[in-house]
Amino acid sequence: MAEVRDLPRHPGESVTVSGWIDAIRVHARVAFLALRDGTGLVQGVVVRSEVPDELWALARSLTQEGSVELTGVVRPDERAPGGHEIAVSELALVGRSEEYPIQPKEHGVEFLLDHRHLWLRSSRQRAGLRVRAEVEQAIHDFLYERDFVRVDTPILTGAIGESAGTLFETDYFGQSAYLAQTGQLYLEAACPAFRKVYCFGPTFRAEKSKTRRHLTEFWMVEPEVAFADSDDNMALQEEFVCHLVRRVLERCGDELATLGRDTAVLEAVRPPFPRISYTEAVERLRESGSEIEWGRDLGAAEESAVSSWFDRPVFVYNYPAGAKAFYMKENPEEPRTVLCNDLLAPEGYGEIIGGSQREDDLERLVARIRADGLPEEAYGWYLDVRRFGTFPHSGFGLGLERTLSWIAGGSHVRELVPFPRLLNRLTP
Ligand code: 4AD
Ligand code: MG
(Lines give C-alpha, C1' and ligand atoms only; values in the text may rest on other atoms or scores of the structure.)
(Ligands and ions follow the chains in the order given, each with its own letter.)
Protein backbone atom coordinates (compact mmCIF):
# COMPACT_ATOMS: atom_id res chain seq x y z
CA MET A 1 0.00 0.00 0.00
CA ALA A 2 1.41 3.40 -0.96
CA GLU A 3 1.19 6.54 1.19
CA VAL A 4 -0.15 9.66 -0.48
CA ARG A 5 2.76 11.80 0.68
CA ASP A 6 5.15 9.51 -1.28
CA LEU A 7 3.29 9.71 -4.61
CA PRO A 8 5.51 12.44 -6.12
CA ARG A 9 8.28 9.83 -6.09
CA HIS A 10 6.22 7.41 -8.23
CA PRO A 11 5.15 9.20 -11.40
CA GLY A 12 3.98 6.82 -14.13
CA GLU A 13 3.71 3.89 -11.70
CA SER A 14 0.58 2.05 -10.71
CA VAL A 15 -0.10 2.37 -6.96
CA THR A 16 -2.77 1.35 -4.49
CA VAL A 17 -3.81 3.80 -1.78
CA SER A 18 -6.47 3.64 0.92
CA GLY A 19 -8.30 6.32 2.83
CA TRP A 20 -11.42 8.44 3.11
CA ILE A 21 -13.34 10.45 0.54
CA ASP A 22 -12.69 14.06 1.52
CA ALA A 23 -14.87 15.39 -1.30
CA ILE A 24 -16.41 14.07 -4.48
CA ARG A 25 -17.51 15.70 -7.73
CA VAL A 26 -19.38 13.64 -10.33
CA HIS A 27 -19.87 14.92 -13.88
CA ALA A 28 -21.41 13.13 -16.88
CA ARG A 29 -18.19 11.55 -18.07
CA VAL A 30 -15.75 11.91 -15.19
CA ALA A 31 -15.71 11.72 -11.39
CA PHE A 32 -13.13 13.36 -9.14
CA LEU A 33 -12.49 11.71 -5.77
CA ALA A 34 -10.39 13.66 -3.27
CA LEU A 35 -8.84 10.94 -1.16
CA ARG A 36 -7.36 11.64 2.27
CA ASP A 37 -5.15 8.92 3.73
CA GLY A 38 -3.79 10.69 6.82
CA THR A 39 -0.49 11.49 5.12
CA GLY A 40 -1.89 13.76 2.42
CA LEU A 41 -4.61 14.43 -0.09
CA VAL A 42 -4.70 13.13 -3.66
CA GLN A 43 -7.23 13.38 -6.44
CA GLY A 44 -8.45 10.13 -8.04
CA VAL A 45 -9.90 10.58 -11.51
CA VAL A 46 -12.43 8.06 -12.82
CA VAL A 47 -13.16 8.40 -16.54
CA ARG A 48 -16.43 6.72 -17.49
CA SER A 49 -15.27 5.53 -20.91
CA GLU A 50 -12.11 4.00 -19.50
CA VAL A 51 -13.48 1.85 -16.65
CA PRO A 52 -15.98 -1.04 -16.40
CA ASP A 53 -19.63 -0.03 -15.78
CA GLU A 54 -19.60 -1.43 -12.22
CA LEU A 55 -16.59 0.71 -11.29
CA TRP A 56 -18.27 3.83 -12.68
CA ALA A 57 -21.48 2.98 -10.77
CA LEU A 58 -19.50 2.50 -7.55
CA ALA A 59 -17.60 5.77 -8.03
CA ARG A 60 -20.88 7.66 -8.56
CA SER A 61 -22.39 6.16 -5.42
CA LEU A 62 -19.53 7.21 -3.11
CA THR A 63 -20.24 9.76 -0.40
CA GLN A 64 -18.18 12.06 1.82
CA GLU A 65 -16.01 10.13 4.32
CA GLY A 66 -16.68 6.69 2.84
CA SER A 67 -13.49 4.62 3.06
CA VAL A 68 -12.05 3.12 -0.12
CA GLU A 69 -9.05 1.48 -1.64
CA LEU A 70 -8.11 2.60 -5.12
CA THR A 71 -5.49 1.64 -7.68
CA GLY A 72 -4.22 3.56 -10.67
CA VAL A 73 -1.31 5.23 -12.39
CA VAL A 74 0.19 8.37 -10.80
CA ARG A 75 0.46 11.27 -13.18
CA PRO A 76 1.60 14.82 -12.62
CA ASP A 77 -1.16 17.43 -12.66
CA GLU A 78 -0.37 20.96 -11.63
CA ARG A 79 -3.97 21.76 -10.73
CA ALA A 80 -4.37 18.79 -8.37
CA PRO A 81 -3.61 19.10 -4.64
CA GLY A 82 -0.09 17.77 -4.10
CA GLY A 83 0.69 18.19 -7.82
CA HIS A 84 -0.35 14.63 -8.73
CA GLU A 85 -3.48 12.66 -9.51
CA ILE A 86 -4.30 8.99 -9.86
CA ALA A 87 -5.99 7.67 -13.01
CA VAL A 88 -8.24 5.17 -11.25
CA SER A 89 -8.40 1.66 -12.74
CA GLU A 90 -9.62 -0.29 -9.69
CA LEU A 91 -11.83 0.83 -6.84
CA ALA A 92 -13.18 -0.96 -3.77
CA LEU A 93 -15.50 0.34 -1.09
CA VAL A 94 -14.23 -0.51 2.40
CA GLY A 95 -16.78 1.25 4.60
CA ARG A 96 -19.89 3.16 3.63
CA SER A 97 -20.58 6.64 5.08
CA GLU A 98 -24.09 7.96 5.18
CA GLU A 99 -25.24 11.51 5.86
CA TYR A 100 -21.95 12.71 7.25
CA PRO A 101 -22.91 15.46 9.69
CA ILE A 102 -20.11 17.91 8.88
CA GLN A 103 -20.71 19.47 5.49
CA PRO A 104 -18.60 21.99 3.60
CA LYS A 105 -20.55 24.93 5.05
CA GLU A 106 -20.48 27.00 8.25
CA HIS A 107 -21.40 25.06 11.41
CA GLY A 108 -21.74 26.48 14.92
CA VAL A 109 -18.84 25.73 17.24
CA GLU A 110 -20.99 23.82 19.77
CA PHE A 111 -22.20 21.57 16.95
CA LEU A 112 -18.62 21.00 15.86
CA LEU A 113 -17.51 20.25 19.43
CA ASP A 114 -20.39 17.76 19.80
CA HIS A 115 -18.96 16.10 16.70
CA ARG A 116 -15.33 16.49 17.73
CA HIS A 117 -14.68 12.81 16.95
CA LEU A 118 -15.47 13.62 13.29
CA TRP A 119 -14.37 17.26 13.25
CA LEU A 120 -10.78 16.03 13.80
CA ARG A 121 -10.75 15.02 10.13
CA SER A 122 -11.10 18.62 8.89
CA SER A 123 -8.08 20.41 7.45
CA ARG A 124 -7.73 23.17 10.07
CA GLN A 125 -8.12 20.70 12.89
CA ARG A 126 -5.58 18.36 11.37
CA ALA A 127 -3.14 21.25 10.97
CA GLY A 128 -3.51 22.39 14.59
CA LEU A 129 -3.11 18.89 16.00
CA ARG A 130 -0.06 18.21 13.85
CA VAL A 131 1.54 21.35 15.26
CA ARG A 132 0.66 20.01 18.71
CA ALA A 133 2.38 16.70 18.02
CA GLU A 134 5.46 18.52 16.69
CA VAL A 135 5.69 20.74 19.76
CA GLU A 136 5.30 17.73 22.08
CA GLN A 137 8.19 16.02 20.32
CA ALA A 138 10.25 19.23 20.38
CA ILE A 139 9.67 19.50 24.15
CA HIS A 140 11.03 16.02 24.75
CA ASP A 141 13.94 16.55 22.36
CA PHE A 142 14.99 19.86 23.94
CA LEU A 143 15.02 18.46 27.45
CA TYR A 144 16.56 15.12 26.50
CA GLU A 145 19.39 16.90 24.68
CA ARG A 146 20.10 18.89 27.84
CA ASP A 147 20.28 15.80 30.08
CA PHE A 148 16.95 16.23 31.83
CA VAL A 149 15.55 12.95 33.17
CA ARG A 150 11.84 12.48 32.59
CA VAL A 151 10.12 11.60 35.85
CA ASP A 152 6.47 10.58 35.63
CA THR A 153 4.51 12.13 38.47
CA PRO A 154 1.20 10.80 39.80
CA ILE A 155 -2.22 11.92 38.61
CA LEU A 156 -3.94 10.82 41.84
CA THR A 157 -2.50 12.83 44.70
CA GLY A 158 -3.06 13.35 48.40
CA ALA A 159 -1.66 16.89 48.71
CA ILE A 160 -2.88 20.08 47.06
CA GLY A 161 -0.31 21.07 44.44
CA GLU A 162 -1.32 24.64 43.62
CA SER A 163 -4.40 26.01 45.33
CA ALA A 164 -7.50 24.68 47.04
CA GLY A 165 -9.85 26.65 44.82
CA THR A 166 -9.66 24.55 41.67
CA LEU A 167 -9.39 20.95 42.86
CA PHE A 168 -11.08 17.94 41.41
CA GLU A 169 -11.65 15.75 44.41
CA THR A 170 -12.46 12.09 44.19
CA ASP A 171 -13.05 9.26 46.63
CA TYR A 172 -10.03 7.03 47.06
CA PHE A 173 -11.25 4.05 49.09
CA GLY A 174 -12.75 6.30 51.74
CA GLN A 175 -9.97 8.88 51.63
CA SER A 176 -9.91 12.11 49.62
CA ALA A 177 -7.74 12.17 46.53
CA TYR A 178 -7.18 15.05 44.11
CA LEU A 179 -6.45 14.97 40.41
CA ALA A 180 -3.01 16.52 39.96
CA GLN A 181 -2.91 20.27 39.37
CA THR A 182 0.84 19.99 38.85
CA GLY A 183 3.65 17.45 39.11
CA GLN A 184 5.99 20.01 40.61
CA LEU A 185 6.15 18.89 44.23
CA TYR A 186 7.15 15.39 43.16
CA LEU A 187 9.77 16.78 40.79
CA GLU A 188 11.32 18.73 43.62
CA ALA A 189 11.69 15.43 45.47
CA ALA A 190 13.33 13.86 42.37
CA CYS A 191 15.90 16.66 41.97
CA PRO A 192 18.39 15.23 44.49
CA ALA A 193 18.24 11.96 42.52
CA PHE A 194 18.83 13.40 39.04
CA ARG A 195 19.55 17.15 39.36
CA LYS A 196 17.59 18.13 36.21
CA VAL A 197 14.18 16.54 35.80
CA TYR A 198 10.87 17.14 34.07
CA CYS A 199 7.38 15.78 33.79
CA PHE A 200 4.96 16.21 30.93
CA GLY A 201 1.41 15.07 31.28
CA PRO A 202 -2.19 16.01 31.86
CA THR A 203 -3.08 18.27 34.76
CA PHE A 204 -6.51 19.16 36.08
CA ARG A 205 -8.13 22.32 37.36
CA ALA A 206 -11.78 22.69 38.24
CA GLU A 207 -11.84 26.12 36.63
CA LYS A 208 -15.29 27.62 36.55
CA SER A 209 -14.04 30.08 33.91
CA LYS A 210 -15.47 30.06 30.43
CA THR A 211 -12.68 31.89 28.65
CA ARG A 212 -10.71 31.15 25.52
CA ARG A 213 -7.73 30.25 27.72
CA HIS A 214 -9.15 27.81 30.23
CA LEU A 215 -9.45 24.06 30.05
CA THR A 216 -10.27 21.77 32.96
CA GLU A 217 -7.77 19.21 31.67
CA PHE A 218 -4.62 20.53 30.01
CA TRP A 219 -1.08 19.34 29.41
CA MET A 220 1.82 20.94 31.16
CA VAL A 221 5.56 20.37 30.83
CA GLU A 222 7.42 21.11 34.06
CA PRO A 223 11.22 21.22 34.20
CA GLU A 224 12.88 21.49 37.62
CA VAL A 225 16.58 22.19 38.18
CA ALA A 226 18.69 21.83 41.33
CA PHE A 227 21.07 24.69 42.19
CA ALA A 228 19.35 27.04 39.74
CA ASP A 229 18.02 30.42 40.82
CA SER A 230 15.20 32.52 39.42
CA ASP A 231 17.46 34.16 36.79
CA ASP A 232 18.74 30.77 35.58
CA ASN A 233 15.11 29.70 35.43
CA MET A 234 14.11 32.58 33.15
CA ALA A 235 17.13 31.96 30.90
CA LEU A 236 16.04 28.33 30.46
CA GLN A 237 12.45 29.36 29.69
CA GLU A 238 13.65 31.81 27.06
CA GLU A 239 15.80 29.20 25.32
CA PHE A 240 13.00 26.64 25.54
CA VAL A 241 10.30 28.85 24.04
CA CYS A 242 12.61 30.01 21.22
CA HIS A 243 13.39 26.37 20.45
CA LEU A 244 9.71 25.40 20.25
CA VAL A 245 8.78 28.31 17.99
CA ARG A 246 11.77 27.70 15.70
CA ARG A 247 10.93 24.02 15.41
CA VAL A 248 7.36 24.81 14.31
CA LEU A 249 8.61 27.38 11.79
CA GLU A 250 11.05 24.81 10.39
CA ARG A 251 8.76 21.80 10.23
CA CYS A 252 5.15 22.97 10.13
CA GLY A 253 5.13 25.54 7.32
CA ASP A 254 2.17 23.89 5.55
CA GLU A 255 0.18 23.68 8.75
CA LEU A 256 0.83 27.33 9.65
CA ALA A 257 -0.30 28.29 6.13
CA THR A 258 -3.50 26.23 6.50
CA LEU A 259 -4.12 27.98 9.80
CA GLY A 260 -3.48 31.38 8.23
CA ARG A 261 -0.84 32.21 10.87
CA ASP A 262 1.19 35.39 10.33
CA THR A 263 4.67 33.91 10.73
CA ALA A 264 6.44 37.30 10.92
CA VAL A 265 5.33 37.47 14.56
CA LEU A 266 6.91 34.10 15.24
CA GLU A 267 10.13 35.00 13.42
CA ALA A 268 10.55 37.87 15.90
CA VAL A 269 10.71 35.42 18.83
CA ARG A 270 14.39 35.66 19.67
CA PRO A 271 16.33 36.20 22.87
CA PRO A 272 16.53 38.29 24.93
CA PHE A 273 12.92 38.52 26.08
CA PRO A 274 12.11 41.75 27.89
CA ARG A 275 11.81 41.55 31.69
CA ILE A 276 9.69 43.77 33.86
CA SER A 277 9.06 43.41 37.59
CA TYR A 278 5.49 43.09 38.82
CA THR A 279 5.88 46.36 40.70
CA GLU A 280 7.05 48.24 37.58
CA ALA A 281 4.25 46.67 35.54
CA VAL A 282 1.66 47.86 38.06
CA GLU A 283 3.11 51.38 38.00
CA ARG A 284 3.02 51.53 34.21
CA LEU A 285 -0.49 50.08 34.11
CA ARG A 286 -1.72 52.69 36.59
CA GLU A 287 -0.07 55.47 34.58
CA SER A 288 -2.03 54.30 31.58
CA GLY A 289 -5.33 54.45 33.46
CA SER A 290 -5.69 50.96 34.96
CA GLU A 291 -7.06 50.75 38.52
CA ILE A 292 -5.02 47.71 39.49
CA GLU A 293 -3.87 47.78 43.11
CA TRP A 294 -0.42 46.53 44.10
CA GLY A 295 -0.93 43.02 45.53
CA ARG A 296 -3.52 41.74 43.11
CA ASP A 297 -2.59 39.19 40.44
CA LEU A 298 -2.69 40.48 36.88
CA GLY A 299 -5.93 39.65 35.11
CA ALA A 300 -6.36 38.89 31.40
CA ALA A 301 -6.86 42.56 30.48
CA GLU A 302 -3.76 43.66 32.38
CA GLU A 303 -1.68 40.85 30.88
CA SER A 304 -2.77 41.92 27.39
CA ALA A 305 -1.82 45.51 28.14
CA VAL A 306 1.64 44.52 29.40
CA SER A 307 2.31 42.27 26.40
CA SER A 308 1.24 45.03 24.01
CA TRP A 309 4.27 47.08 25.14
CA PHE A 310 6.62 44.51 23.53
CA ASP A 311 7.04 42.62 20.26
CA ARG A 312 7.97 39.28 21.83
CA PRO A 313 7.16 37.27 24.96
CA VAL A 314 7.74 39.23 28.17
CA PHE A 315 8.72 38.07 31.65
CA VAL A 316 6.88 39.65 34.55
CA TYR A 317 8.84 38.74 37.68
CA ASN A 318 8.61 38.89 41.47
CA TYR A 319 4.90 39.05 42.19
CA PRO A 320 3.45 39.76 45.63
CA ALA A 321 3.58 36.68 47.84
CA GLY A 322 -0.15 36.86 48.47
CA ALA A 323 -0.98 36.49 44.78
CA LYS A 324 1.07 33.32 44.29
CA ALA A 325 1.36 29.70 45.45
CA PHE A 326 2.77 28.68 48.84
CA TYR A 327 5.99 27.08 47.59
CA MET A 328 7.61 30.19 46.08
CA LYS A 329 10.76 31.56 47.70
CA GLU A 330 10.56 34.82 49.59
CA ASN A 331 12.54 37.56 47.85
CA PRO A 332 15.29 38.49 50.36
CA GLU A 333 15.52 41.99 48.89
CA GLU A 334 11.81 42.69 49.16
CA PRO A 335 10.10 40.13 51.40
CA ARG A 336 6.56 41.10 50.41
CA THR A 337 7.36 39.58 46.99
CA VAL A 338 8.47 36.13 45.87
CA LEU A 339 11.14 35.04 43.36
CA CYS A 340 8.92 34.02 40.50
CA ASN A 341 7.93 34.87 36.97
CA ASP A 342 5.13 34.53 34.49
CA LEU A 343 5.88 34.55 30.78
CA LEU A 344 3.25 36.44 28.78
CA ALA A 345 2.85 35.65 25.09
CA PRO A 346 2.45 38.49 22.58
CA GLU A 347 -0.83 39.45 20.90
CA GLY A 348 -2.89 39.06 24.07
CA TYR A 349 -2.46 35.29 24.41
CA GLY A 350 -1.63 35.80 28.07
CA GLU A 351 0.35 33.68 30.51
CA ILE A 352 1.93 30.63 28.91
CA ILE A 353 4.45 29.87 31.68
CA GLY A 354 4.43 30.16 35.44
CA GLY A 355 7.74 29.57 37.19
CA SER A 356 9.60 30.25 40.41
CA GLN A 357 12.51 29.60 42.66
CA ARG A 358 11.21 27.33 45.43
CA GLU A 359 11.24 28.07 49.14
CA ASP A 360 14.13 25.95 50.38
CA ASP A 361 13.99 27.13 54.01
CA LEU A 362 12.04 24.62 56.11
CA GLU A 363 10.68 27.13 58.65
CA ARG A 364 9.53 29.66 56.08
CA LEU A 365 7.88 26.95 54.00
CA VAL A 366 5.99 25.58 57.00
CA ALA A 367 4.88 29.12 57.85
CA ARG A 368 3.54 29.62 54.31
CA ILE A 369 1.68 26.28 54.37
CA ARG A 370 0.04 27.34 57.64
CA ALA A 371 -0.69 30.87 56.44
CA ASP A 372 -2.43 29.51 53.35
CA GLY A 373 -4.54 27.17 55.50
CA LEU A 374 -3.18 24.06 53.79
CA PRO A 375 -3.23 20.74 55.72
CA GLU A 376 0.33 20.49 57.01
CA GLU A 377 0.15 16.73 57.59
CA ALA A 378 -0.26 16.13 53.83
CA TYR A 379 3.11 17.79 53.16
CA GLY A 380 5.34 15.74 55.45
CA TRP A 381 7.15 14.10 52.56
CA TYR A 382 7.50 17.44 50.74
CA LEU A 383 9.05 19.03 53.82
CA ASP A 384 11.54 16.14 53.97
CA VAL A 385 13.10 17.54 50.80
CA ARG A 386 14.06 20.55 53.01
CA ARG A 387 14.98 18.40 56.00
CA PHE A 388 17.48 16.20 54.19
CA GLY A 389 19.95 18.32 52.27
CA THR A 390 17.93 21.33 51.20
CA PHE A 391 19.21 23.13 48.11
CA PRO A 392 18.27 26.13 45.97
CA HIS A 393 16.11 25.03 43.04
CA SER A 394 13.79 26.45 40.45
CA GLY A 395 11.39 25.29 37.80
CA PHE A 396 8.45 26.23 35.69
CA GLY A 397 5.34 24.92 34.01
CA LEU A 398 4.56 25.65 30.37
CA GLY A 399 0.92 25.15 29.44
CA LEU A 400 0.91 23.23 26.17
CA GLU A 401 -2.44 24.39 24.82
CA ARG A 402 -1.90 28.06 25.66
CA THR A 403 1.51 27.96 24.00
CA LEU A 404 0.06 26.23 20.95
CA SER A 405 -2.84 28.61 20.75
CA TRP A 406 -0.35 31.47 20.51
CA ILE A 407 2.00 29.69 18.06
CA ALA A 408 -0.84 28.52 15.81
CA GLY A 409 -2.74 31.79 16.17
CA GLY A 410 -5.91 30.09 17.41
CA SER A 411 -8.92 31.82 18.84
CA HIS A 412 -9.53 29.28 21.63
CA VAL A 413 -7.32 26.70 23.37
CA ARG A 414 -9.97 24.01 22.83
CA GLU A 415 -9.07 23.63 19.14
CA LEU A 416 -5.59 22.47 20.03
CA VAL A 417 -6.72 19.52 22.14
CA PRO A 418 -7.97 16.39 20.40
CA PHE A 419 -10.84 15.96 22.89
CA PRO A 420 -11.15 19.11 25.01
CA ARG A 421 -12.50 19.11 28.54
CA LEU A 422 -14.30 22.33 29.36
CA LEU A 423 -16.65 23.56 32.06
CA ASN A 424 -19.69 22.24 30.16
CA ARG A 425 -18.10 19.49 28.11
CA LEU A 426 -17.17 15.87 28.90
CA THR A 427 -18.30 14.33 25.57
CA PRO A 428 -16.98 13.06 23.21
O1 4AD B 1 1.07 29.00 36.66
P2 4AD B 1 0.68 27.59 36.93
O3 4AD B 1 -0.49 27.35 37.81
O4 4AD B 1 1.99 26.91 37.51
C5 4AD B 1 2.11 25.68 38.04
O6 4AD B 1 1.26 24.79 38.01
C7 4AD B 1 3.47 25.39 38.58
N8 4AD B 1 3.38 24.24 39.50
C9 4AD B 1 4.43 25.13 37.46
C10 4AD B 1 5.82 24.89 37.92
O11 4AD B 1 6.46 25.81 38.42
N12 4AD B 1 6.30 23.67 37.81
O13 4AD B 1 0.41 26.84 35.54
C14 4AD B 1 1.42 26.78 34.57
C15 4AD B 1 0.84 27.02 33.20
C16 4AD B 1 0.22 28.39 32.99
O17 4AD B 1 1.20 29.36 32.73
C18 4AD B 1 -0.67 28.14 31.81
O19 4AD B 1 0.06 28.16 30.61
C20 4AD B 1 -1.15 26.72 32.05
O21 4AD B 1 -0.23 26.13 32.92
N22 4AD B 1 -2.49 26.69 32.62
C23 4AD B 1 -3.62 26.39 31.93
N24 4AD B 1 -3.83 26.08 30.65
C25 4AD B 1 -5.08 25.82 30.25
N26 4AD B 1 -6.14 25.84 31.08
C27 4AD B 1 -6.00 26.15 32.39
N28 4AD B 1 -7.04 26.14 33.20
C29 4AD B 1 -4.69 26.44 32.87
N30 4AD B 1 -4.17 26.77 34.07
C31 4AD B 1 -2.85 26.92 33.90
MG1 MG C 1 0.24 30.90 36.85
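Residues numbered from 1 in each chain as written. Chains lettered and ligands numbered in written order. Predicted model: local features only at pLDDT ≥ 70, side-chain atom pairs only at ≥ 80, totals over all residues. Heavy atoms only, no water.

## What to know about the overall build of the chain
Worth spelling out the cut-off: Numbering of helices and strands starts at the N terminus; helices are DSSP runs of H or I of at least 4 residues and strands are runs of E of at least 2. Whether a residue is buried, partly exposed or exposed follows from its accessible area with a 1.4 Å probe, protein chains only, as a fraction of its type maximum: under 20%, in between, or over 50%, in that order. All accessibility values rest on the Shrake-Rupley procedure with a 1.4 Å probe; residue burial counts only the protein chains present in the view. When charges are counted, Lys and Arg are positive and Asp and Glu negative, with His and the chain ends excluded. The atom standing in for a charge is NZ when the residue is Lys, CZ when it is Arg, CG when it is Asp and CD when it is Glu.
What the chain contains, in helices and strands, is 13 helices and 16 strands. The dimensions of the chain, computed from C-alpha atoms along their principal axes, are 85 × 55 × 40 Å. Within the chain, buried positions represent 51% of all 428 residues. Summing over all exposed atoms, the chain offers an accessible surface of approximately 20100 Å²; the carbon and sulfur share of this is 50%. Charged side chains of the chain number 49 positive and 68 negative; the gap between the two group centres comes to 4 Å.

## A look at the sheet that holds strand S9 (residues 175–179)
In plain terms, the rule: A strand pair is defined by DSSP finding two or more bridges across the two strands.
Strand order in the open sheet made by the 3 strands is S7-S9-S8, with antiparallel pairing throughout. A single partner strand is all that each edge strand has here, and the edge strands are strand S7 (156–157) and strand S8 (169–172). Sheet analysis places S8 next to S9, joined by 4 bridges and oriented antiparallel. For Thr170, the partnering residue across the bridge sits in S9 and is Ala177.

## Things to note about the domain arrangement of the chain
Keep this limit in mind: Domain extents, as shown, originate in an automatic or database domain assignment.
Parsing the chain into structural domains produces domain 1 (4–95) and domain 2 (116–416). Here domain 1 and domain 2 have C-alpha centroids that lie 46 Å from each other.

## A word on the pairing of strand S5 (residues 84–95)
Pairing geometry for strand S3 (residues 41–47) and S5, over 3 bridges, is parallel. Following the sheet pairing, Gly44 is matched in S5 by Ile86. With 10 bridges connecting them, strand S4 (residues 67–76) and S5 associate as antiparallel partners. Of the residues in S5, the one forming a bridge with Arg75 is Glu85.

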